Amino acid sequence: MGRRIFLLGFMGAGKTYWGKQLAEHLGLPFYDIDEVIVEEEGMPVSDIFAEKGEDYFRMRETEVLKDVSEQPEFLVSCGGGTPCFSDNMDWMNNQGITVWINPSIETMVERLQRKKYKRPLIQDLTDDDLSAFVEKKLNERIQFYQLSQKIITADELSLDYLINEITNA
Ligand SMILES: Nc1ncnc2c1ncn2[C@@H]1O[C@H](COP(=O)(O)OP(=O)(O)OP(=O)(O)O)[C@@H](O)[C@H]1O
Ligand SMILES: O=C(O)C1=C[C@@H](O)[C@@H](O)[C@H](O)C1
Ligand SMILES: [Mg+2]
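Basis of the calculations
Every chain is numbered independently, its residues counted from 1 as its sequence is written. Whichever chain is written first is A, and whichever ligand is written first is 1; the rest continue in order. Two thresholds apply to this predicted model, a pLDDT of at least 70 for residue-level local features and 80 or more for giving and counting side-chain atom pairs, whereas whole-chain, interface and lining totals are computed over all residues. Remark: hydrogens and water are excluded; side-chain values derive from all non-hydrogen atoms of the structure. Put simply, a residue is near a molecule or strand once any heavy atom of it comes within 4 Å of that molecule or strand. Counted as a polar contact is a pair of N or O atoms within 3.5 Å, where, for protein atoms, one must be capable of donating a hydrogen and the other of accepting one, and residues adjacent in sequence contribute only when both atoms are in side chains. Only the protein chains shown count as cover for residues, and all accessible areas are computed by the Shrake-Rupley method using a 1.4 Å probe. The nonpolar class holds Ala, Val, Leu, Ile, Met, Phe, Trp, Tyr, Cys and Pro. Asp, Glu, Lys and Arg form the charged class, and all remaining residues, Gly among them, are polar. A strand pair is defined by DSSP finding two or more bridges across the two strands. Here a strand is any run of E in DSSP of at least two residues, a helix any run of H or I of at least four, and the numbering for each starts at the N terminus. Whenever a helix is involved, its axis is fitted only over the stretch in contact; in every case the axis is a line through C-alpha atoms, and angles between N-to-C directions fall within 0 to 180 degrees. In what follows, a contact means two residues having at least one pair of non-hydrogen atoms within 4.5 Å. Partly exposed residues are those whose accessible area sits between 20% and 50% of the maximum for their type, while under 20% is buried and over 50% is exposed, using a 1.4 Å probe and protein chains only.

### Focus: the site of ligand 2
Then comes step 1: Near ligand 2 you find Met11, Asp34, Val45, Phe57, Arg58, Gly79, Gly80, Gly81, Pro120, Leu121 and Arg141, and these make up its full shell.
Then comes step 2: Separating an oxygen atom of ligand 2 from a backbone N or O atom of Gly81 is a distance of 3.4 Å.
Then comes step 3: In this structure, an oxygen atom belonging to ligand 2 sits 2.7 Å away from a side-chain N or O atom of Arg141.
Then comes step 4: The protein chains hide 96% of the 310 Å² of surface that ligand 2 would expose on its own.
Then comes step 5: Its residues placed into classes, the shell around ligand 2 shows five nonpolar, three polar and three charged.

### So, the sheet that holds strand E1 (residues 4-8)
Then comes step 1: With respect to topology, five strands assemble into an open sheet ordered E2-E3-E1-E4-E5, the strand pairing being parallel. Since the sheet does not close on itself, it has two edges, and those belong to strand E2 (30-32) and strand E5 (150-152), each with one partner. Averaged over all adjacent pairs, the angle separating strand axes in this sheet is 20°, with direction ignored.
Then comes step 2: Sitting on the sheet, helix H8 (residues 159-167) touches E1, strand E4 (97-101) and E5, and the angle it makes with E5 is about 160°.

### Details of the pairing of E1
Then comes step 1: Most of E1 sits out of view: five of its five residues are buried.
Then comes step 2: Side chains Arg4, Phe6 and Leu8 of E1 all project onto a buried face; the interleaved residues Ile5 and Leu7 project onto the opposite face, where all are buried too.
Then comes step 3: Taken together, the four bridges between E1 and E4 define a ladder with parallel strand orientation. Opposite Phe6, over in E4, you have Thr98 as the bridge partner.

And the structure:
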């Protein structure tokens, strides 16, 4: 089984939520790219965007991705945009198994409504605008996400199901 795993997908897909549990279960070192950047920068993602700009964040995201993939084994939870910038998607596909967590738009929107403030791209949107934004942005990003080696589309996931899917990838 591949012991170098990248979870990717849109904001609210559950990359962080499932990544932590999967890594613990599989006994793999866990890295959440957003969390590593926040720790290194000493400020939340929304402050990095506001104070240093999105381009700076994207540069740090690529650096952290490449740093963590130096490890022999890992489970990496990407940020929502990680696969869509620089050569990150090709890089990940060459380094390990890429798994796209792709629940329905409704599910992601519902989750994001509760945690908007953490995510600079959506923090100023009304709930009505959020759904249209997710649909449009997901459409732009699908070209990257769909290069994943494994695609998980079920809305109701369980740890056992995910482990089984990833083990078979
Ligand atoms: N299967 C699930 N059941 C219930 N809640 C979930 C589930 N998956 C995720 N959540 C919740 O939805 C929210 C978003 O999930 P999470 O933070 O894992 O998304 P993400 O894919 O890491 O997004 P981002 O790209 O913004 O980092 C969190 O509050 C999380 O606890
Ligand atoms: O989808 C995105 O572009 C983002 C997702 C989050 O994980 C963070 O990386 C940040 O809020 C940007
Ligand atoms: Mg996350």
